[in-house]
Amino acid sequence: MEKTNAMRILDSHGIEYGVREYSPELTDGAQVAAALGAEPDRVFKTLVTEGSDGNHYVFVVPVSGSLDLKKAARAAGIRSVSMLPQKKLFPLTGYVHGGCSPVAMKKPLVTFVEETAQLFDRIFCSAGRRGCNLEIAPEQLLSVVGGKYAPLSD
């Protein structure tokens, strides 16, 4: 398997992770969780937003829920956030929709991870391409992206 940039970054930091592949045709979070053999609360999606302050923010939330935009803005300490239009995702992050990892974006973005990630020894998040997830300790994920926990889901 060819390593993604996210895997290379984790390797360079000496962070232990696993790689799990599934059909890239799967786009529904519950289906992805089933394919990984994991409960949906343990499988996370990466969402990129635009803030009212003109900055971009990354929110990592379980596939079993959705991002509460008010909670996200509160976590970022700004008035509001809105979802980044899909056409802006690749130029900003280097990732395509459905394969966006919180690790190894083109430039570091302020990142928040749903606080429920702390309930698990390891969580799943995108490895940087469709059909490929990382299995990683949430604390390790936070350390490599310089992120913080926050209540984000509805």
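Residues numbered from 1 in each chain as written. Predicted model: local features only at pLDDT ≥ 70, side-chain atom pairs only at ≥ 80, totals over all residues. Heavy atoms only, no water.

A. Broad picture of the UniProt feature "domain: YbaK/aminoacyl-tRNA synthetase-associated" (unreviewed entry) in the protein chain. Using the residue numbers shown here, the UniProt feature "domain: YbaK/aminoacyl-tRNA synthetase-associated" (unreviewed entry) corresponds to residues 27–142. Helix makes up 25% of residues 27–142 and strand 30%, and the two end C-alpha atoms of the span are 25 Å apart. (UniProt positions renumbered as here; feature names shortened; annotations may be inferred. Helix = DSSP H or I, 4+ residues; strand = E, 2+ residues; numbered from the N terminus.)

B. View of the sheet that holds strand β7 (residues 132–136). Within the open sheet, the three strands sit side by side as β1-β7-β6. Their pairing is antiparallel. Whereas interior strands pair on both sides, the edge strands pair on one side only; in this sheet they are β1 (18–21) and β6 (123–129). Here the average twist between neighbouring strands, direction ignored, is 35 degrees. Direction of pairing for β6 relative to β7: antiparallel, over a ladder of five bridges. Opposite arginine 129, over in β7, you have cysteine 132 as the bridge partner. Against the sheet, helix α1 (residues 5–12) makes contact with β1, β6 and β7, and its axis sits at roughly 25 degrees relative to β7, the strand it touches most. (Pairing = 2+ DSSP bridges. Axes fitted to C-alpha atoms, helices over the stretch in contact; angles between N-to-C directions. Contact = heavy atoms within 4.5 Å.)

C. Structural detail: the environment of serine 23. With respect to the helices and strands, serine 23 occurs in the loop between β1 and α2 (29–36). Each C-alpha atom, one on serine 23 and one on tyrosine 57, is 28 Å from the other, the two residues being 34 residues apart in sequence.

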